[in-house]
Amino acid sequence: MGQNNFLEGRILPPLIRFSIPLMLSLILQALYGGVDLAVVGHFSPTASVSAVATGSQVMQSATVLVTGLNMGVTVLLGQAIGAGERGRAGGVIAGQIRLFVPLALLLTGMMAFFAPQAALLMNVPAEALEETIQYVRICSCGMIFITAYNAISGIFRGIGDSRSPFLFVSIACGVNVALDLLFVGVFEMAASGAALATVIAQCVSVLFSAAYIRRHPLPFDVSRASFRIPHTSRAILKLGAPIALQDVLVNISFLIITSIVNSLGLIASASVGVAEKMFVFLSIVPMAFLSTLSAFVAQNVGAGNRLRAKKALYTAQRISFSFGVAMFLLTFFWGGPTASLFTRDPAVIAATAQYLRGCSFEYLILSLSFCFLGYFNGLGKTTFVMLQGLLSAFLVRIPMSIYLSRLPNTNMGIISIAVPVSALSSLILCLFYFFRLESSRKKVS
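On a predicted model such as this, the values are computed, not experimentally measured, just so you know.

**Details of the packing of aromatic side chains**
- By the definition in use, this model includes 23 aromatic pairs.
- Taking 5.0 Å as the distance between ring centres and 50° as the angle between the ring planes, the aromatic pair formed by F328 and F361 counts as tilted. On the criterion of sequence distance, the pair formed by F328 in helix α12 (residues 306–333) and F361 in the loop between α14 (346–359) and α15 (362–379) is long-range, its members being 33 residues apart.
- On the accessibility criterion, F328 (15% relative accessible area) is buried.

**A word on the pattern of salt bridges**
- This model, assessed by the stated rule, comprises 1 salt bridge.
- Across the pair K310 and E438 runs a salt bridge whose closest N-O atoms are separated by 2.7 Å. Of this pair, K310 sits in helix α12 while E438 is found in helix α18 (residues 418–444), placing the two residues 128 residues apart along the sequence. The burial state of K310 is the same as that of E438; both residues are buried.

**Observations regarding the environment of E8**
- With respect to the helices and strands, E8 occurs in the segment before α1 (12–43).
- Taking the relative accessible area as the measure of exposure, E8 reaches 55% and is therefore exposed.
- Separated by 372 residues in the primary sequence, E8 and G380 have C-alpha atoms spaced 21 Å apart.

**Thoughts on the side chain of S283**
- Checked against the element boundaries, S283 lands in the loop between α10 (266–282) and α11 (284–302).
- Of the polar contacts made by the side chain of S283, one reaches the backbone oxygen of F279; its length is 2.7 Å.
- Residues within four places of S283 in sequence aside, it is in contact with Y363 and L366.

**Looking at the side chain of S44**
- With respect to the helices, strands and loops of the structure, S44 is situated in the loop between α1 and α2 (46–82).
- Judged by relative accessible area, S44 falls into the buried class, the value being 12%.
- With residues up to four places along the chain from it excluded, the contact list for S44 reads V184 and A190.

What counts, and at which threshold
Residue indices follow the written sequence of each chain, beginning from 1 at its first position. For this predicted model, a pLDDT threshold of at least 70 governs which residues receive local features, and a threshold of 80 or more governs which side-chain atom pairs are given and counted, while totals over whole chains, interfaces and linings are taken from all residues. Computation of side-chain values covers all heavy atoms of the structure but excludes hydrogens and water. Ring pairs shown here join Phe, Tyr and Trp side chains whose ring centres sit within 6.5 Å, with only the six-membered ring taken for Trp; geometry is labelled stacked below 30 degrees between planes, edge-to-face above 60, and tilted in between. Secondary structure follows DSSP: runs of H or I at least 4 residues long count as helices, runs of E at least 2 residues long count as strands, and numbering of each begins at the N terminus. Burial classes: relative accessible area under 20% of the type maximum marks a residue as buried, over 50% as exposed, and values in between as partly exposed (1.4 Å probe, protein chains only). The working definition used for a salt bridge is a side-chain nitrogen of Lys or Arg within 4 Å of a carboxyl oxygen of Asp or Glu. The term polar contact refers here to a pair of N or O atoms within 3.5 Å; inside protein, the definition further demands a hydrogen-donor-capable atom paired with an acceptor-capable atom, and it admits residues adjacent in sequence only when both atoms are side-chain atoms. For this analysis, residues touch if any pair of their heavy atoms sits within 4.5 Å.

Given below as structure tokens:
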């Protein structure tokens, strides 16, 4: 299954082997929304760009709930594999199935029914309102596939295999690009075409991954007995719910900020949408190391090797920070040319470049903080991960964004200052908690 040896030998090689396919997977996942926005931006009016940008933000609120809960699966599975308890690993998967199937059905119904209310709360410009509602409703039909894809990917990452999820998302991305060009470029379906392409691509990916598992069985059994192991769903919730709650609430904070910007007009709405899509590409390495360290640390904690886990944190941070410097330079000096990949509107390009320059310092900061968060996830300290995210979003980013948006003669550059300040507050909290854990551990030993 392409597993990496996290438990012995040199630290860097397995980190790199695991993280590179994960980075490629994240890039391809980002292409889902990025290609949608780019194709719509080149073949449809600015109102359609605003609809895709805002609609995908709304859908992200549901998606992060699934991915957050799935982190509980990855950590529990990694700890079971590290401890050599294959029966417990099967129980984790059984608990995942019991939890995720009703969740996917619930999210589908809620997102489809409340799409109009969500669009109105987001202050979507009138020109883009109807398209935004259609985009959300069509994408909602794909929630069962989004949930299934993330569930399967979480299993593979828990056992130390990041290459298989990369294969699954590669299939989906290829289908999505082809259908985007067909539905949007040829049939001129605008935002609705982009949404339909995404749903079909996700369905194809899940069907392929199911067939893949049948031909390449997991390294443990998931039998009827696995479903009789008690409290596995509860254990997933205990670890995953804090991360899911943090991700959902932080994403809601982004929705609030998007709503604030949407009230400034169509150009501001489209420019922030472009900048948010670019964020995923620009933060690929820190995001990959967050997931990599979650799995690496979980397995080593399960095997009782806490020192090796800490060394992995330092190694990942050195690599991640080097990447952060490069992304800082790109967004500070060349935001405009980068934004032009997503839209042809000169006003949107200029506003996006202004916003990116203010945000650029964020990439230096999160290159370190994301690694800390992955380390804390692997330790099972997900409650802290939740709290720091909520504090930095709701006590720093939102109040600052509201204040800066109401200043006389404000612009996208001024509003963007809230982004790096919020990131800095998160890093300070992570440093404080890390040294507190180290101090407590030394006292115990």
